[in-house]
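Descriptive analysis of the structure
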Number of protein chains: 4
Amino acid sequence: MDEIAVDETGQADLADPVLVEGLPGVGHVGKLAAEHLVDEYDDDTTLVRRVHSEHLPPKVTVEDGLAGLSSAEFHAIETEGRDLLVLTADHQAQSNEGHYRLADGFLDVAEEFGAEEVYALGGVPTGELIEDYDVIGAAPGEATVERLEDAGVEFRENEPAGGIVGVSGLLLGLGDRRGMETACLMGETSGYLVDPKSAQAVLEALEELLSVELDYSDLQDRAEEMEEVINRIREMEDQQSSMELPGDDDLRYFG
Amino acid sequence: MDEIAVDETGQADLADPVLVEGLPGVGHVGKLAAEHLVDEYDDDTTLVRRVHSEHLPPKVTVEDGLAGLSSAEFHAIETEGRDLLVLTADHQAQSNEGHYRLADGFLDVAEEFGAEEVYALGGVPTGELIEDYDVIGAAPGEATVERLEDAGVEFRENEPAGGIVGVSGLLLGLGDRRGMETACLMGETSGYLVDPKSAQAVLEALEELLSVELDYSDLQDRAEEMEEVINRIREMEDQQSSMELPGDDDLRYFG
Amino acid sequence: MDEIAVDETGQADLADPVLVEGLPGVGHVGKLAAEHLVDEYDDDTTLVRRVHSEHLPPKVTVEDGLAGLSSAEFHAIETEGRDLLVLTADHQAQSNEGHYRLADGFLDVAEEFGAEEVYALGGVPTGELIEDYDVIGAAPGEATVERLEDAGVEFRENEPAGGIVGVSGLLLGLGDRRGMETACLMGETSGYLVDPKSAQAVLEALEELLSVELDYSDLQDRAEEMEEVINRIREMEDQQSSMELPGDDDLRYFG
Amino acid sequence: MDEIAVDETGQADLADPVLVEGLPGVGHVGKLAAEHLVDEYDDDTTLVRRVHSEHLPPKVTVEDGLAGLSSAEFHAIETEGRDLLVLTADHQAQSNEGHYRLADGFLDVAEEFGAEEVYALGGVPTGELIEDYDVIGAAPGEATVERLEDAGVEFRENEPAGGIVGVSGLLLGLGDRRGMETACLMGETSGYLVDPKSAQAVLEALEELLSVELDYSDLQDRAEEMEEVINRIREMEDQQSSMELPGDDDLRYFG
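Described below are features of the structure shown in this document. (Residues numbered from 1 in each chain as written. Chains lettered and ligands numbered in written order. Predicted model: local features only at pLDDT ≥ 70, side-chain atom pairs only at ≥ 80, totals over all residues. Heavy atoms only, no water.)

1. Topic: the packing of aromatic side chains
Residue and element names in this part refer to chain C. Convention followed: Pairing of aromatic rings covers Phe, Tyr and Trp, the last counted by its six-membered ring, and requires centre-to-centre distances within 6.5 Å; plane angles under 30 degrees mean stacked, over 60 mean edge-to-face, and any other angle means tilted. Only DSSP runs of H or I with at least four residues qualify as helices, and only runs of E with at least two residues qualify as strands; both kinds are numbered from the N terminus onward. Only protein chains enter the area calculation, which uses a 1.4 Å probe; residues under 20% of their type maximum are buried, those over 50% are exposed, and those in between are partly exposed.
Tallied over the full model, the rule gives four aromatic pairs over all chains. A centroid spacing of 5.9 Å and a plane angle of 70° characterise the contact between Phe-74 and Phe-106, whose relative ring orientation is edge-to-face. Taken together, the residues Phe-74 in strand S6 (residues 72-77) and Phe-106 in helix H2 (residues 96-112) connect sequence positions 32 residues apart. Residue classification places Phe-106 among the buried residues on the basis of a relative accessible area of 2%.

Here's what the structure looks like:
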């Protein structure tokens, strides 16, 4: 197998598409958002490329007995607005060099489809439960920063403090070197739990940027499931603390 | 030395052989099973290839003063049923990339011998002592799943939960990409001890699939040795617990 | 992207320039010193090369929303004395091989600009607060050692005890193999704090070697800020210890 | 720099030489023995090759201010018996693959000098102080085993239990694949201390195999220094234990 093997699984003729990436990361925000796009445009989505690589985990995942080799997937989506090329995966690269080489391989596929614009989606951890989900941006180009600010994306002096690590960060940096317009949209999230609400916030920012309209009932269902999980934890905490101390609503440890 | 060096150690003319792999892993189930095949068909077995690689441990093993460089071995076996190409080794690859490259190299050898079918053997840990040894399957192709189900192999919704890691998993995934029919047969095993009974269960599943008939007295001898080890541990536990509490037969910690 | 990608960001025609390297390390001495050179000669400095590599961290740093891919920078500086090619970066290489390959790539750039002389700047940890900042030298060539001794640089029997690790060390070793004259100048520093005074000591040694004259008010401002930090720590210690024991001025833990 | 860079530092015309390797390892036995050969034949020794590689540590060592890039050295020695090519170094390789590639590179140099025989020297840890220093052997070829047994080298069923790891082991395995006659000579040693006596035992076995005669006064001086270290430790132990318990001479912890 080549270091990065791109299998053609379908065909699509996209017009000036935008690459949208959502890999696993903080609060699974990027992954949830990207998968929501694929689910919402189910009928207009074609799985066009499956990427295998020695930089992905050396394993097959098994679902109902069916074994699938570690991979990343490109989905071509024709929307009422901009055409999309959505990149999803269950894995990040497994090494420093792997991150660079995979990101480069992903950009090759994007260029093959004519994409000149890249949105990397992710979460930025705040360490506390979020009430209003702001979306933080980062981009290599000042013009992009201004355009995103007009769409309500926030840019902050020192966030994210540690930079953007992994494939998302490299799509920005390496895409920019290729002359693409790249940006990262990061939903605020506690960092402790899978966060469908943060994914929705990120997608709402994308709606304006891509002239698409999305329905969020599925993400809201998942958000309600998460609420129930949080409530159960809260109750357990209350019970425990009522045995020791007067109960409080402090959710510090989970948000 | 090449990254993967394949030394020819013998010749064999196999008809439509099946690759059977058993490397070290959970309960040493795969390794025990593969080595049992080699031992049982001793007179009809030829060591045909020895593979060295920088992805194997950088060492020689020493037995009675004789030093042998880390390697994996291919054994050609002519049986009363399907011809076999059995892959054994004392080591797994030492890195993520190494797993991919070794698995690819192993498949090259399999193709050289005309193998178009692959069975990766292994164990799946249950965390408790096993009474009835089920064999769990995983395969990339639905037709293979059905064929194995007919042979009594079980396919479960979420097992193995973490997928199949290492060379075994990659033989399935990378073999499938080459158009081979691949499957993994995993014997249930506690995960705490070398488990010859689990190896026998896996081989019994193979018997039907490969139209071979095996004698298990050697594996049963090893199973009895293991039983004695377990009993000694049990006795030590009983003695210890009788000093503190009434003795019980709970073997929780060992099975 | 190539393993090491050198982007041309500007042009400069330097006469017999000296490569001066200051990457992050002990007390950030080398980095502070190299950046001070760039700041002081602001008007005569051109950013001539930006180097990206898979051996640098797989990330973008974000400042005010602007994302920048991990990089190292070459600055061409025309001074009243020797022309300089100053190498700065926010990162070291991420692996053993990466150190070798980056150092080799950096030397390629240096040779492109005609540099035949290399000064790697850094700090050597003493484990205690420094009063008089000596500068310790190391060089592969005995003639270089003598020349540096004449400039007041000290050479000691067993320092630095662990050798010089990373890009700085390799610029000495690999540069020497290319026939360049290379040396490392290491300011003594406690090893516990960022140390602008140690950076000044290193630059003062460079002044004579390069026939340049530097103003140190900026570094002295930063040194005063560090002094305040140390004083605050000292006060906190005094307060704590006065609650337990008579106060003392021992700064052992911070210097 | 190439992955493995071999610098010619001198010339020698050896007749059917033997490669003798002594890198750092258990008790520094191999390194002490190899360096003793170089020191004893000082006048008849030429440093013929210096090997640098990205698989060695990324650093320069500094002695009296002189910086030297990580390296391994080949010394050509003309003796009254067999000619020798002695390989010494201060480092092992830094990765699994590095061990393989360095060992392969070292064998290339050995072949360049016409060596068809290899002795890798080392120590085998016993966990207790040694009275009679046996030398344990390991070799890929049975004829070699017999020849070494005749010279008093011992071959044991399960020693060394973990095999021989690193460059020494690979010189045996990879050299054997090239058709060289290879063997490892391992002096028994406690494993806790640098052990010149074990090095002497290994060299005494080599004397017969190579028809050379060595003087051991230097190694004996170093052994006496080590004895003094052990005695000081023993005294400290006695003093400590006399404060708690009747003193004993048990040196368990150091041998």
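That shown, we press on.
2. Details of the interface of chain A and chain B
The following threshold applies: Every residue pair with non-hydrogen atoms within 4.5 Å of one another is taken to be in contact. Put simply, buried area is the surface a 1.4 Å probe can reach on two separate parts but cannot reach once they are joined, added for both. For this document, the term salt bridge refers to a Lys or Arg side-chain nitrogen within 4 Å of an Asp or Glu carboxyl oxygen. As a working rule, the residues Ala, Val, Leu, Ile, Met, Phe, Trp, Tyr, Cys and Pro are called nonpolar, Asp, Glu, Lys and Arg charged, and the rest polar, with Gly in that last group. For two strands to be treated as a pair, DSSP must find no fewer than two bridges joining them.
Tallying the contact residues gives 23 residues for chain A and 29 residues for chain B. Both sides together, the interface formed by chain A and chain B hides about 2,000 Å², and carbon and sulfur atoms give 56% of it. Summed over the three residues of chain A that lose the most area to chain B, namely A:Met1, A:Glu54 and A:Pro58, the buried surface amounts to 32% of that side. Inspection of the chain A/chain B interface yields two salt bridges. Taking the shortest distance from any N to any O, the salt bridge between A:Asp7 and B:Arg177 comes out at 2.5 Å. For the side of chain A that touches chain B, the elements supplying multiple residues, two or more each, are strand S1 (4-8), strand S3 (45-53), strand S4 (59-63) and strand S5 (66-69) of chain A. Sorting elements by how many residues they give to the side of chain A that touches chain B places S4(A) first, with five residues. Split by residue class, the side of chain A that touches chain B holds ten nonpolar, eight polar and five charged. One ladder, built from two bridges, connects S4(A) with strand S10 (residues 164-165) of chain B; its direction is antiparallel.

3. A short note on the sheet that holds strand S4 (residues 59-63) of chain B
The three strands are arranged S5(B)-S4(B)-S10(D) in an open sheet whose pairing can be described as antiparallel. Each edge of the open sheet is held by one strand with a lone partner, namely strand S5 (66-69) of chain B together with strand S10 (164-165) of chain D. The pairing of S4(B) with S5(B) spans four bridges and is classified as antiparallel. The residue of S5(B) that forms the bridge with B:Thr61 is B:Gly68.

4. A short note on the relation of the copies chain A and chain B
Using the following cut-off: All copies are superposed by least squares; the fitting set is the C-alpha atoms of residues with a pLDDT of at least 70 in both.
The operation relating chain A to chain B is a screw motion whose rotation component is 90°, with 0.0 Å of axial translation and a residual RMSD of 0.1 Å. Read as a symmetry element, the transformation amounts to a four-fold axis. For chain A, the smallest separation between a C-alpha atom and the rotation axis is recorded for A:Ser95, amounting to 7.4 Å.

5. What about the sheet that holds strand S4 (residues 59-63) of chain D?
Across the sheet, which stays open at both edges, the three strands sit in the order S10(C)-S4(D)-S5(D) with antiparallel pairing between neighbours. What marks the edges here is a single partner per strand, and that holds for strand S10 (164-165) of chain C together with strand S5 (66-69) of chain D.

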